[in-house]
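# Summary of structural features
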Amino acid sequence: MGFFGGKTRDLASVGREERLRQLEEENRALRNRMEETQELVRHLDEDRDLLLGAAKRLRPGLSPRELGEALMEVCFKPLGLACFYVALADWDHDQLDFVLYHEGGRVRQHPSRRLSERAGLSERVLSGHRAIYIRTMEEGQAAGSLLTAAEQATGLIPHSWYGIPLGTGGRPVGLVSFQSFQTDAFSESRRGVMDALAALMSNCLCLQTELQGR
């Protein structure tokens with residue numbers, strides 16, 4: 001009787017331990033899901049704040065540089081950017097003008113260049129009239145990215161680059177570029193937010209052009 005009773009207790013003990021182990025695993029999985037949900041909510045809140053901030057700051061009547069400055073102030077830190085620029089395309093005069101160029105921790109003067117040369121990623125965005133996402137520095141070099149003077153001097157070269165055309169129709173009026181030192185820094189959802197920010201800026205630029213044409 002004692003022998004079988006001891007064996008039964010041992011089996012019950014093993015069963016309890018296995019159940020405890022399962023409960024611990026379930027609790028860990030639940031905590032992980034809760035943390036993932038909290039992280040998702042945090043990103044959604046950040047995205048909402050970005051869009052609301054841009055909607056308040058970007059408006060017709062501002063110059064292209066002022067629009068760029070407003071957008072940069074709203075999104076630079078939240079998106080973890082290393083560089084940011086806005087360039088306008090003058091198709092009639094074959095010119096690409098960088099109205100705002102921020103890199104290396106400050107705004108810099110960036111020389112204009114000819115659109116017809118199609119020298120870098122900016123020209124590819126404009127000629128293809130589509131956004132281009134570069135995930136690594138090597139991918140950017142293979143795609144034809146050009147190093148700026150500051151990048152050549154410091155060696156601080158962004159790994160992720162996302163350029164979005166501005167304006168509608170066959171010829172974009174320009175583009176906006178978001179860049180990060182991190183590899184593959186911009187998720188699909190974050191690029192969607194950037195697309196929305198660029199669309200807000202495009203609307204302001206197009207409305208401003210219409211007002212000037214009246």
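Predicted model only: the values in this text are computed from it and were never measured. (Residues numbered from 1 in each chain as written. Predicted model: local features only at pLDDT ≥ 70, side-chain atom pairs only at ≥ 80, totals over all residues. Heavy atoms only, no water.)

## Topic: the side chain of Asp-47
Relative to the assigned elements, Asp-47 resides in helix α1 (residues 2-57). In terms of polar contacts, Asp-47 uses its side chain to reach the side chain of Arg-190, at 2.9 Å. Non-local contacts of Asp-47, meaning those with residues more than four positions away in its chain, are made with Arg-190 and Val-193. (Helix = DSSP H or I, 4+ residues; strand = E, 2+ residues; numbered from the N terminus. Polar contact = N/O pair within 3.5 Å; in protein donor to acceptor, adjacent residues only side chain to side chain. Contact = heavy atoms within 4.5 Å.)

## So, the pairing of strand β6 (residues 174-180)
Within β6, 7 of the 7 residues are buried, leaving the element largely enclosed by the surrounding structure. The two faces of β6 match: Gly-174, Val-176, Phe-178 and Ser-180 on one face and Leu-175, Ser-177 and Gln-179 on the other face are all buried. Relative to β6, strand β1 (residues 83-90) runs antiparallel, the two being bridged by 6 bridges. Looking at β6, one finds that Ala-87 is bridged to Leu-175. Judged from the 7 bridges that link them, strand β5 (residues 160-166) and β6 form a sheet pairing that is antiparallel. Considered in β6, the bridge of Ser-160 is made with Ser-180. (Buried < 20%, exposed > 50% of the residue type's maximum accessible area, 1.4 Å probe, protein only. Pairing = 2+ DSSP bridges.)

## Details of the sheet that holds strand β2 (residues 95-103)
Taking strand neighbours across the sheet as the criterion, the 6 strands line up as β3-β2-β1-β6-β5-β4 in an open arrangement whose pairing is antiparallel. Only two strands of the sheet have a single neighbouring strand rather than two, namely β3 (106-107) and β4 (132-134). With 3 bridges connecting them, β4 and β5 associate as antiparallel partners. Paired with Tyr-133 across the bridge in β5 is Tyr-162. Relative to the sheet, helix α2 (residues 64-75) contacts β1, β2, β3 and β6, its axis offset from that of β2 by approximately 35°. Across the sheet, helix α3 (residues 121-128) touches β1, β2, β4, β5 and β6, and the angle it forms with β5 is around 40°. (Axes fitted to C-alpha atoms, helices over the stretch in contact; angles between N-to-C directions.)

## A closer look at α3
Of all the residues in α3, the buried ones are Leu-121, Ser-122, Glu-123, Val-125 and Leu-126. If you follow the buried residues of α3, they end up packed against β1, β2, β4, α4 (137-143), β5 and β6. Two residues or fewer past α3, His-129 is found with a positive phi of approximately 50°.

## Let's talk about the nonpolar core
Cys-75, Phe-84, Val-176 and Phe-178 are the most contacted members of the largest nonpolar core, which has 30 residues in total. Among the elements of the structure, α1, α2, β1, β5, β6 and α6 (188-213) are those that each provide at least two residues to this core. Here the element with the most residues in this core is α6; it accounts for 7 residues. Formed by 14 residues, the second largest nonpolar core is a distinct cluster that contains Leu-121, Leu-126, Ile-132 and Ile-134. (Core = buried A, V, L, I, M, F, W, Y, C linked by side-chain atoms within 4.5 Å.)

## So, the pattern of salt bridges
Under the definition given, this model contains 9 salt bridges. Here Glu-123 ties to Arg-113 by a salt bridge, and the two come within 2.5 Å at their closest N and O atoms. Here Glu-123 is found in helix α3, whereas its partner Arg-113 is found in the loop between β3 and α3, with 10 residues between them in sequence. Given the relative accessible area of 2%, Glu-123 is considered buried. We note a salt bridge from Asp-184 to Arg-135, for which the minimum N-O separation is 3.8 Å. Placement of the pair is Asp-184 in the loop between β6 and α6 and Arg-135 in the loop between β4 and α4, with a sequence separation of 49 residues. For Arg-135, a relative accessible area of 34% gives the class partly exposed. Through salt bridges that share partners, Glu-46, Asp-47 and Arg-190 make up one connected network. (Salt bridge = Lys/Arg side-chain N within 4 Å of Asp/Glu carboxyl O.)

Fair warning: the whole summary comes from geometry, so function is off the table for now.
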